[in-house]
Amino acid sequence: MGGRTQSIVAVAAVAALALPAGVSAGAAATPGAMWTSPTPPEGKRFTVNVGKQLAFSAAATAPGAPVIAVAINAAGLPRNALFQSTPGNPAKAAVSWKPTRAQGGKTFMVTFTAQTTAPGFAPATRHVVLHVRKPKPKKKTTFVLSSADKELYRWAFVLRKSVVRAAPRRTSAAIALLGRTTPEGTDNLVLTLDGRRTRRGVWIRIRLPILPANRTGWVPRKTLSDWKEVRTHLVVDRRRLTATLYRRGRVVFRAPVGVGQSHWPTPRGEFYIRNQLYGFGNAVYGPLAFGTSARSSVLTDWPGGGFIGIHGTNEPGIIPGRVSHGCIRLKNGHILRLARLMPVGTPLTVR
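Residues numbered from 1 in each chain as written. Predicted model: local features only at pLDDT ≥ 70, side-chain atom pairs only at ≥ 80, totals over all residues. Heavy atoms only, no water.

**Details of the layout of surface pockets**
By volume, the largest pocket is sized at about 280 Å³. Around the largest pocket sit 13 residues that line it, and Pro168, Arg169, Thr198, Arg200 and Trp203 are the ones nearest its centre. Among the elements that make up the lining of the largest pocket, the one with the highest residue count is strand S14 (residues 201-207) (three residues). By residue class, the composition of the lining of the largest pocket is four nonpolar, three polar and six charged. Size it by volume and the second largest pocket reaches roughly 190 Å³. At the level of elements, strand S13 (189-198), S14 and strand S21 (269-278) are the ones that each hand at least two residues to the lining of the second largest pocket. The greatest single-element share of the lining of the second largest pocket, amounting to three residues, is contributed by S13. The residue inventory of the lining of the second largest pocket, partitioned by class, reads seven nonpolar, three polar and four charged. (1 Å grid on protein atoms, 1.4 Å probe; cavity = no way out; pocket = protein on both sides within 12 Å on 5 of 7 lines; lining within 4 Å. Points joined across faces, edges and corners; volume = space filled by probe spheres on them. Helix = DSSP H or I, 4+ residues; strand = E, 2+ residues; numbered from the N terminus. Nonpolar A, V, L, I, M, F, W, Y, C, P; charged D, E, K, R; others polar.)

Written as structure tokens, this is what we have:
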């Protein structure tokens, strides 16, 4: 009996040495860390919008304080989430996160672990789900109306007089007054380039028939009619003395031309065909003419305040050449053929 009693005492002594300091040999085994409020429940799903702040906290304790402390760690958090952990008993942790647009629609599985400082105790885990709502596509505020890449151009009639602004807002500087008729008395039209939607309405950027060349400006959408489409593009080369008409990117017409003399040059730039005119009663202009939005800063033989025209001639022998006051001249047969192929609203490039 005496030997068996000594063995039992020895085993009890060894067990007492294995317990953490401060825990008596007669006490029950110490459990591991435990989650406490405000820790989210297991499997909690947080759903958040892009750009909105998400914040939540966790806490864990363990028996045996202050000798036994707890530390909280996290795995699987988004890269831009802020995680702060304070060891202790209780231990505390906090998550702060603002999802980026690139994280929209994604889901993150996050694992939190509470581990005691004393060895031999199993950690406590808690899983939460972070889901970011897929953001709605941003409503486009700008749109394209004419595109050289797509070989598609849009124009519109001017329905009412309007002040042309330098930017798409009513407080922007006025740069021109857009009228309903051309100097030749025809309905005015403009080549429309692109548009912008604002809180106060839609604005359209148009090419302007004013000096200096290549000016553009903005008018309210209600100023213009419905869009008309063309697939043609006229290119006049002043060096090669040619006019080339493209349709959907393919050459459908080419002819020699006369352009302005050196002291009355045909202006270089981007313009458009505004109208088509007949019945001049003057053989100098040939059987018909096209009015353009181009204007000479020097002088032109086209009536109506310095606008450049494209017309026939009663002197076909001078073409090709630099022979005019700025207008573009074609032989009568060529201008008639061009008229069958080129509608008004066609963009004009003068190189």
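Moving on, there is more to tell.
**Here we look at the sheet that holds strand S2 (residues 44-48)**
Strand order in this open sheet of four strands is S2-S8-S7-S4, and the pairing throughout is mixed. Taken across any chain shown, the strands that pair with only one partner, and hence form the sheet edges, are S2 and strand S4 (70-75). Here the average twist between neighbouring strands, direction ignored, is 20°. Both S4 and strand S7 (residues 107-116) contribute to a ladder of six bridges, which runs antiparallel. Following the sheet pairing, Ala71 is matched in S7 by Gln115. (Pairing = 2+ DSSP bridges. Axes fitted to C-alpha atoms, helices over the stretch in contact; angles between N-to-C directions.)

**Some points on a positive patch on the surface**
Where like charges cluster on the molecular surface, the positive patch consists of Arg160, Arg170, Arg180, Arg199, Arg200 and Lys222. Within the secondary structure, Arg200 is located in the loop between S13 and S14. Residue Arg200 is classed as exposed on the basis of its relative accessible area of 84%. (Patch = residues over 30% accessible without salt bridge, like charges linked within 9 Å, V, L, I, M, F, W, Y side chains within 5 Å. Areas by Shrake-Rupley, 256 points an atom, 1.4 Å probe, with all protein chains shown as cover. Salt bridge = Lys/Arg side-chain N within 4 Å of Asp/Glu carboxyl O. Lys, Arg positive; Asp, Glu negative; His and termini not counted. Charge placed at Lys NZ, Arg CZ, Asp CG, Glu CD. Buried < 20%, exposed > 50% of the residue type's maximum accessible area, 1.4 Å probe, protein only.)

**Details of the pairing of strand S23 (residues 307-311)**
By the criterion of burial, S23 is predominantly enclosed, with five of the five residues buried. The two faces of S23 match: Phe307, Gly309 and His311 on one face and Ile308 and Ile310 on the other face are all buried. Bridge count between strand S22 (residues 288-295) and S23: four bridges; the pairing is antiparallel. When the sheet's bridge partners are listed, Gly291 is paired in S23 with Gly309. Relative to strand S25 (residues 328-329), S23 is paired through two bridges, and the arrangement is parallel.

**Side note on the nonpolar core**
Of all hydrophobic cores here, the largest spans 27 residues; its most connected members are Trp35, Phe56, Trp97, Ala114 and Leu130. If you list the elements that add at least two residues to this core, you get S2, strand S3 (54-61), S4, strand S6 (91-97), S7 and strand S8 (124-132). Apart from residues lying up to four places away in sequence, Ala114 is in contact with Ala33, Trp35, Ala60, Val70, Ala71, Ile72, Pro123 and Ala124. Of all hydrophobic cores here, the second largest spans 24 residues; its members include Ala243, Leu245, Leu330 and Leu338. (Core = buried A, V, L, I, M, F, W, Y, C linked by side-chain atoms within 4.5 Å. Contact = heavy atoms within 4.5 Å.)

**As for unusual backbone geometry**
Of note, the bond from Ser37 into Pro38 is cis; its omega dihedral lies within 30 degrees of zero at 15°. Secondary-structure assignment places Pro38 in the loop between strand S1 (34-36) and S2. A positive phi angle, near 75°, is found at Asn214, a position not held by glycine. Looking at the element boundaries, Asn214 is found in the loop between S14 and strand S15 (216-220). Unusually for a residue other than glycine, Arg248 sits at a positive phi of about 55°. Exposure remark for Arg248: the relative accessible area of 51% places this residue in the exposed category.

Geometric values such as these leave the question of function open.
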